[in-house]
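Structural overview for review
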Amino acid sequence: MEIKIKAFGACMIGGFPHRPEDSFFNLALARLHSTTTHSLTPSIYTFGGFPVTRVPKHLKPRCLADHPDIVVIQFASSDLIVPIRRNHHRNQVSSVQRKVSTASPSMTDRVRWLARGIIGNALQLTSVTPAEIYLETMDQIVHAIAEHGAIPVVLSPFVFGGHRSDRIARNCVSPLEKIVSAIPKAYFVNAYAALAAQPRREMLLRDGSHLSLKGQAVVADSLFAALAKIVPALQPDAGR
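Residues numbered from 1 in each chain as written. Predicted model: local features only at pLDDT ≥ 70, side-chain atom pairs only at ≥ 80, totals over all residues. Heavy atoms only, no water.

In total, this model carries eight salt bridges according to the counting rule given. A salt bridge links Asp66 to Lys6, with the shortest nitrogen-to-oxygen separation between them at 2.7 Å. Placement of the pair is Asp66 in the loop between α2 (56–62) and β3 (70–74) and Lys6 in strand β1 (residues 2–10), with a sequence separation of 60 residues. With its nearest N and O atoms 2.8 Å apart, the salt bridge here joins Arg200 to Asp166. Of the two residues, Arg200 sits in helix α8 (residues 200–203) while Asp166 sits in helix α6 (residues 163–181), which places them 34 residues apart along the sequence. Here Arg200 falls in the partly exposed class, since its relative accessible area comes to 24%. The buried category is assigned to Asp166, whose relative accessible area is 6%. (Salt bridge = Lys/Arg side-chain N within 4 Å of Asp/Glu carboxyl O. Helix = DSSP H or I, 4+ residues; strand = E, 2+ residues; numbered from the N terminus. Buried < 20%, exposed > 50% of the residue type's maximum accessible area, 1.4 Å probe, protein only.)

Right, here's the structure in full:
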C-alpha cells in the first residue's frame with residue numbers, strides 16, 4: 001500500500017539551515033521505512049519566514065492537491081518569536097532567509113538570549129503573530145486537512161533561546177494540544193517537551209531560534225514515535 005506523507009510547515013521542517021536530509025521529517029521517515037512494509041512516498045513544502053496567517057490560502061494548492069494520506073504540520077518559529085527591532089514584522093521573510101550560522105551557541109550568544117528576554121519583558125514586547133491568532137490559524141489549518149480526509153500530525157512550537165519568546169511558545173503547547181485532540185484522527189506531537197528536556201545550548205543554534213542537528217534529531221524521535229503508531233493502522237483509502 002502506498003502512503004503519501006506530506007511535510008507542510010516552516011523552514012525547519014525542511015532542515016534549514018542544515019541539509020534537507022538532516023531535517024527531523026526526513027530522519028523520522030528514514031526510520032519509518034525500515035519498520036513498515038507499506039510504500040512510503042514523502043514530500044515537503046516549506047514556507048521560509050512566512051507568518052502562519054498567510055498559510056491557509058496556500059493549503060489547497062501546495063498541500064491538499066497532492067491528496068496526501070498524512071500531513072505533518074509545524075509552524076511557530078517565525079510567529080511566536082518576540083522581535084526587538086520594530087521593523088522585524090515588515091522584513092520578516094528576508095530576515096529568516098538570511099544566512100544562519102550552524103555553529104553552536106557560545107557563552108556570548110547565550111548572554112544575548114538572556115538580554116533579549118529581559119528587554120522583551122521590560123518593554124512588554126509582543127510576538128510577530130499574537131498567540132491567539134497563531135492558535136486560531138492552526139485550528140483552521142488542521143480542520144481543513146482533516147476535512148480533506150488526510151491525517152494531521154501536528155508538532156508543537158519549538159523552544160527558543162530568548163526567555164520571552166520561549167514562554168509564549170510554551171504557553172501555546174497545551175491550547176494547541178486541545179485543538180488537535182478535538183479533531184478525530186489528528187495527532188499531536190509535543191516536540192517542545194522533548195526539546196525542553198535537553199540543554200538549550202545543545203538544541204539551538206547561535207540565533208536562539210533554529211534547531212541544531214541534535215535538536216533536529218530529538219524532534220525526529222518524537223515524530224517517528226507518532227508515525228510508527230499511525231502507519232501500521234492505515235488501511236487502503238483509510239485517509240480519504
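Here we take up the environment of Ala225. For Ala225, the location among the structural elements is in helix α9 (residues 213–230). A sequence separation of 216 residues divides Ala225 from Gly9, and the C-alpha atoms of the two residues are 19 Å apart.

A few words now on helix α1 (residues 24–33). For α1, the set of buried residues is Phe24, Phe25, Ala28, Leu29 and Leu32. Down the axis of α1, the buried set is contained in an arc of 125°. They therefore lie on one face. Looking at the buried residues of α1, the elements they touch are β1, β2 (39–47), β3, β4 (151–155) and α9. (Arc of directions from axis to C-beta. Contact = heavy atoms within 4.5 Å.)

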